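# Summary of the model geometry
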Amino acid sequence: MKKNTIYLLLALTMLTAACSRRRQLPAGTAPKHDVLLKTTPVKNQGSSTLCWAYAMLATIETEHLMKGDSVNLSADYVARLMLEEQARRYYLSGGKTVISLRGMMPMLVSRIRNVGLLSFNSYHADSTVNYRLVQRKLQRAADMAISRRTGLDAFMQQTTRLLDDNLRPAPRYQFMFGAEYTAQEFGRSVCRADEYVALTSVSHHPFGRHCVLELADNQDADSFLNVPMQTLTQAVKHALRNHHPVCWEGDISEPGFSFSRGIAQLSKSHSQEERRHMIETFATTDDHCMEIIGLARSPKGKTYFVCKNSWGTGNAFGGLMYMSEDYFYYKTIAVMMNREAWLSADSIHTSH
């Protein structure tokens, strides 16, 4: 009896493994696209931690492309202004804050509103720039200025010179279609302050209300509308089918995430409660951001989200990735989408 039980368990294990393999997308095989939105060329964030800026800028770019308006935006300009801001804060705090380029999607929208934006053609750093090294140089300069009590104005002039030398000087104006704009004017023309809504799904806050996610990268303490994961998933599909891209932020630490293969998938589905356990035990963390530009379906009918990554074009699909709906459900931290797309999904809000 015991021996038969062992054989039965082995058989069940082999059957489960076979079923799991059948759920996986074979290497190098792209699902059939149901929806695929327009995008600018895939970029490469290099050694920086600017995925949140690249992904949100890509989302804004696609939003414009789908309306017939072409824009290509500069993540390096966002990085430069953020480094200036954090250098100032670091100096005034006496070195008690940090100089970091980590962040979350809403930070990009607030910085466009506060300090503006430039196009990619107007301002982009050399692809070999090591942002981590620039941050270390800036911190060393700030520590020396603090010890010497040089004064804020003198330190910020030094900061400008350092960033000019390591990135490139920033132009005073943005020129487009024969017109001259300040960075603030251009930024407001490509993204309104209220144009996007931030959504999350965490069980330690009430659904249907806004909450501040307690994450280290949420430096501005931005709030997110908290909804059940099923609602969030359906809202993202609704947005894509109605020609609106979505910015995704989540966990990429699972073995099923492979940039080289262009795939993010799991072997089984998970519940909202399992999501809660993974988030609250730090097994799901805020690792990466990508733009979602489409929906696809495998030959066996499994749904995938088509994602535009910011790690260059050196993978199986030229920088794109296919994220299974199971992976999205289990590993999403937050998304941002056009407010119009969210508000038009009334039936989704009320049905979950």
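### Some thoughts on the overall build of the protein chain
- When its secondary structure is counted, the protein chain shows 12 helices and 13 strands.
- A compact globule built from 352 residues should have a C-alpha radius of gyration of about 20 Å, and the protein chain, at 22 Å, falls within 12% of that.
- Overall, the protein chain is about 85 × 50 × 40 Å in size when its C-alpha atoms are taken along their principal axes.
- At a minimum sequence separation of 6, the contacts of the protein chain that also span at least 24 residues come to 78%.
- Across the protein chain, the centroid of the 40 positively charged side chains sits 7 Å from that of the 33 negatively charged ones.

### Focus on the pairing of strand S10 (residues 288-297)
- S10 sits mainly inside the fold: 9 of its 10 residues count as buried.
- Relative to S10, strand S1 (residues 32-36) is paired through 4 bridges, and the arrangement is antiparallel. Bridge pairing in S10 links lysine 32 to arginine 297.
- Two strands pair when backbone bridges link them, and strand S7 (residues 246-250) and S10 are joined in this way by 5 bridges, in the antiparallel orientation. Paired with glutamate 249 across the two strands is cysteine 289, which belongs to S10.
- Alignment of S10 against strand S11 (residues 303-308), held across 6 bridges, turns out to be antiparallel. By the bridge assignment for S11, isoleucine 292 is matched with cysteine 307.

### Focus on the environment of tyrosine 196
- Note on placement: tyrosine 196 falls in strand S4 (residues 196-200).
- Here tyrosine 196 falls in the buried class, since its relative accessible area comes to 5%.
- Along the sequence, tyrosine 196 and isoleucine 99 sit 97 residues apart, while their C-alpha atoms lie 27 Å from each other.
- Setting aside residues up to four positions removed in sequence, tyrosine 196 forms contacts with Met56, Thr59, Ile60, Glu63, Cys191, Met336, Met337, Asn338 and Arg339.

### Description of helix H7 (residues 183-190)
- Those residues of H7 that sit buried are Ala183, Phe186, Gly187 and Val190. Taken down its axis, H7 places every buried residue within 100 degrees of arc, on the same side.
- Those residues of H7 that are buried are in contact with helix H2 (51-65), helix H3 (75-92), helix H4 (105-115), strand S2 (174-176) and strand S3 (179-181).

### A look at the nonpolar core
- The biggest cluster of nonpolar side chains holds 62 residues, and the ones touching the most others in it are Trp52, Met56, Leu108 and Tyr131.
- Taken together, the elements giving at least two residues each to this core come down to H2, H3, H4, helix H5 (131-148), helix H6 (152-166), H7, S4 and strand S13 (332-338).
- Tallying contributions element by element places H3 first for this core, with 10 residues.
- Not counting chain neighbours up to four residues away, the residues in contact with methionine 56 comprise Met105, Leu108, Val109, Tyr196, Cys247 and Met336.
- In terms of nonpolar packing, the next biggest core, distinct from the first, is built from 43 residues, Val227, Ala239, Tyr304 and Met337 among them.

### Re empty space enclosed by the protein
- Taken as a whole and judged by the stated rule, the model has 2 cavities of 30 Å³ or more.
- One number sums up the size of the largest cavity: a volume of about 100 Å³.
- Around the largest cavity, the lining comprises 15 residues; the ones closest to its centre are Lys43, Tyr54, Ala55, Ala58 and Lys308.
- Residue assignment for the lining of the largest cavity shows that the elements contributing at least two residues are H2 and S10.
- Sort the elements by how many residues they give to the lining of the largest cavity and H2 lands first, with 5 residues.
- Partitioning the lining of the largest cavity into residue classes produces 9 nonpolar, 2 polar and 4 charged.
- Lining the second largest cavity are Val78, Leu81, Leu108, Arg111, Ile112, Val115 and Gly116.
- Residue assignment for the lining of the second largest cavity shows that the elements contributing at least two residues are H3 and H4.
- Within the lining of the second largest cavity, the residues separate by chemical class into 5 nonpolar, 1 polar and 1 charged.

### Some thoughts on the pattern of salt bridges
- This structure, assessed with the given rule, holds 15 salt bridges.
- One salt bridge connects aspartate 194 with arginine 192, and the closest N-O pair in it is separated by 3.4 Å.
- On the basis of relative accessibility, which here comes to 48%, the residue arginine 192 falls in the partly exposed class.
- Where lysine 237 meets glutamate 325, a salt bridge forms, and the shortest distance between an N and an O atom there is 2.9 Å. Here glutamate 325 lies in helix H10 (residues 325-331) and lysine 237 lies in helix H8 (residues 229-241), a separation of 88 residues in the sequence.
- On the basis of relative accessible area, glutamate 325 is assigned to the partly exposed category, the value being 22%.
- Residues joined in a network through salt bridges with shared partners are Glu85, Arg89, Arg111 and Asp220.

Each value, and the rule that gives it
- Starting afresh in each chain, residues are numbered from 1 along the sequence in its written order.
- Owing to the predicted nature of the model, reporting of local features is limited to residues with pLDDT of at least 70; listing and counting of side-chain atom pairs is limited to 80 or more, with chain, interface and lining totals taken over all residues.
- Excluding hydrogens and water, the side-chain figures rest on all heavy atoms present in the structure.
- Under the scheme used here, helices are H or I runs from DSSP no shorter than 4 residues and strands are E runs no shorter than 2 residues, and both carry numbers assigned from the N terminus.
- Values of the radius of gyration come from C-alpha atoms, whereas the globule rule sets the reference at 2.2 Å times the count of residues to the power 0.38.
- Whether two residues touch is decided by their heavy atoms; if any such pair falls within 4.5 Å, the residues are in contact.
- Lys and Arg are tallied as positive, Asp and Glu as negative. Neither His nor the chain termini are counted.
- Where a charge sits is defined by one atom per residue type, namely NZ (Lys), CZ (Arg), CG (Asp) or CD (Glu).
- We call a residue buried when its accessible area falls under 20% of the maximum for its residue type, exposed when it is over 50%, and partly exposed in between, using a 1.4 Å probe and counting protein chains only.
- Two strands make a pair as long as DSSP finds a minimum of two bridges between them.
- Think of it as the arc spanned by the lines of direction from the helix axis to the C-beta atoms.
- Note on terminology: a nonpolar core comprises buried Ala, Val, Leu, Ile, Met, Phe, Trp, Tyr and Cys residues joined through side-chain atoms within 4.5 Å.
- Any residue with an atom within 4 Å of a point lines the site, the site being either a cavity, points on a 1 Å grid over the protein atoms alone where a 1.4 Å probe fits but cannot get out, or a pocket, an open set with protein on both sides within 12 Å along at least 5 of 7 lines.
- Grid points are joined across faces, edges and corners, and a volume is the space filled by probe spheres set on the points.
- Classes in brief: Ala, Val, Leu, Ile, Met, Phe, Trp, Tyr, Cys and Pro nonpolar; Asp, Glu, Lys and Arg charged; the others, Gly included, polar.
- By convention in these notes, a salt bridge is any Lys or Arg side-chain nitrogen within 4 Å of a carboxyl oxygen on Asp or Glu.

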